[in-house]
Amino acid sequence: MGRSGILKVQKSFADTSSGSITGESGPWHVVLEYSPKKSNVWTSGLAADKIAIGADKAVITLQGWNSGRPTVTSLWTGSDVFSVAMEPPLGRHNLVYAGCRNGRVKIFDLSQPNVSALAVAESKKDKRSTALFRGIGHKESSVLGMKRVGDHYLVTSAMNGEILMWDTRFVGSSQPTASSPEGTFATPVLDFRGPIQDQFSKSLFDINAEETLLAAENIDQRISLWSLSTGDRIRDLEVKGKVGCLQFAPRQHGIWTAVEDQVQFWGLDP
């Protein structure tokens, strides 16, 4: 999560076959540069030809970003967007998820005709771009991370250290009602409890390609592995330091971690 006003998509033409990556002085080519009017760029996500940008009180989508003339749609959230997620390119819908400063997750279906563009004067913002009401969120804690799991699940992490998994089919009606008003949160299907993150910091977590394991940073210099089917904590990795980032290896059964001034690889038994 950063705080700037410009999003750049760059492509490197460096030879990375040796495992090294050329720095800023290397052969980088700017594919796209986009700056939301009078807004910070808090985060971004990419899926095929679609980019979602977390901005001030809106999520902005660029569809066909690599065509040179993307279709820009700004969707009002009412709160700064700190995390974004999108349905996979072959999904049945055209959904964008926006994790907000106020703890709520807004879900937009870009294929719906009532999704209106907000690319107008600041004083005339169209707030009728209504999100699908789903009741996903964290009480009084900003949503700093989100990942899709399968066709129907969403994992969210918050500033207070919570990591929750939701079934997006059964967590609320399509619109707020008297019994389930806006701001009402549903019950998550899994709650990953344990010594996870410190408060007031980004909750680091990742999900493996098979979507069976969740890895999360702990406050005690460990990384914990959790089952995505049961929510059980099944293993701890003693990394012995502050974790800067972590990611499951895409083609190896293991996990990469950046711990202080080291890069570590942890093999996991099949």
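The name an unreviewed UniProt entry assigns to the protein chain is WD40 repeat-like protein, from the organism Linnemannia gamsii.

Participant: Describe the layout of surface pockets, and please don't skip the residues or the numbers.
Facilitator: Approximately 830 Å³ is the volume attributed to the largest pocket. Surrounding the largest pocket, 34 residues form its lining, V84, M146, K147, F205 and D206 being those nearest its centre. Of all the secondary-structure elements, those providing two or more residues to the lining of the largest pocket are β3 (43–47), β7 (81–86), β10 (143–149), β14 (205–207) and β18 (243–248). No other element matches the 6 residues that β10 contributes to the lining of the largest pocket. The residue inventory of the lining of the largest pocket, partitioned by class, reads 19 nonpolar, 10 polar and 5 charged.

Participant: Give a detailed account of the pairing of strand β20 (residues 262–267), specifying residues and quantitative values.
Facilitator: The side chains of a regular strand alternate, residue by residue, between the two faces of the sheet. One ladder, built from 6 bridges, connects strand β19 (residues 254–259) with β20; its direction is antiparallel. Across the sheet, the residue bridging to W256 is F265, located in β20. Remark: 2 residues form the turn of the hairpin made by β19 and β20, two consecutive strands paired antiparallel; E260 in that turn has positive phi of roughly 55°.

Participant: Give a detailed account of the pairing of strand β16 (residues 222–227), specifying residues and quantitative values.
Facilitator: Of all 6 residues that make up β16, 5 are buried, and the element is covered over most of its length. Bridge analysis of strand β15 (residues 213–217) against β16 gives 5 bridges, and the strand direction is antiparallel. Within β16, the residue paired with L214 across the bridge is W226. Connecting the antiparallel pair β15 and β16 is a turn made up of 4 residues, with Q221 showing a positive phi of about 60°. In this sheet, strand β17 (residues 233–238) lies alongside β16 in antiparallel orientation, the contact comprising 5 bridges. Paired with S224 across the two strands is D236, which belongs to β17.

Participant: Explain unusual backbone geometry to me, using residue names and the numbers behind them.
Facilitator: Phi at K38 takes a positive value of approximately 50°, unusual for a residue other than glycine. Here K38 is to be found in the loop between β2 (28–34) and β3. A relative accessible area of 73% places K38 in the exposed class. Here the phi dihedral of E260 falls at roughly 55°; this positive angle occurs in a residue that is not glycine. Residue class for E260 comes out exposed when judged on its relative accessible area of 58%.

Participant: An account of the packing of aromatic side chains is needed here, citing residue identities and associated values.
Facilitator: Under the definition given, this model contains 3 aromatic pairs. Arranged with centres 5.8 Å apart and planes meeting at 80°, the rings of F192 and W226 form a pair that is edge-to-face. Highlighted residues: F192 in the loop between β13 (190–191) and β14 and W226 in strand β16, separated in sequence by 34 residues. An identical accessibility class is assigned to F192 and W226; each is buried. Taken together, a centroid distance of 4.9 Å and an interplanar angle of 55° make the contact between W256 and F265 tilted. A residue is classified by how much of its surface remains accessible, and W256, at 38% relative accessible area, is partly exposed. The class of F265 is partly exposed, set by a relative accessible area of 34%.

Participant: Lay out the side chain of T43 with the relevant residues and their values.
Facilitator: Mapping T43 onto the fold places it in strand β3. In this view, T43 contacts A52, I53, G54, V81, F82, S83 and V84; residues no more than four positions away in its chain are not counted.

Participant: I'd like a description of the environment of K106, backed by residues and values.
Facilitator: Checked against the element boundaries, K106 lands in strand β9 (residues 105–109). Residues K106 and T77 lie 29 residues apart in sequence; the distance between their C-alpha atoms is 6.9 Å.

Definitions and limits used
Residues numbered from 1 in each chain as written. Predicted model: local features only at pLDDT ≥ 70, side-chain atom pairs only at ≥ 80, totals over all residues. Heavy atoms only, no water. 1 Å grid on protein atoms, 1.4 Å probe; cavity = no way out; pocket = protein on both sides within 12 Å on 5 of 7 lines; lining within 4 Å. Points joined across faces, edges and corners; volume = space filled by probe spheres on them. Helix = DSSP H or I, 4+ residues; strand = E, 2+ residues; numbered from the N terminus. Nonpolar A, V, L, I, M, F, W, Y, C, P; charged D, E, K, R; others polar. Pairing = 2+ DSSP bridges. Buried < 20%, exposed > 50% of the residue type's maximum accessible area, 1.4 Å probe, protein only. Phe/Tyr/Trp six-rings, centres within 6.5 Å; stacked < 30°, edge-to-face > 60°. Contact = heavy atoms within 4.5 Å.

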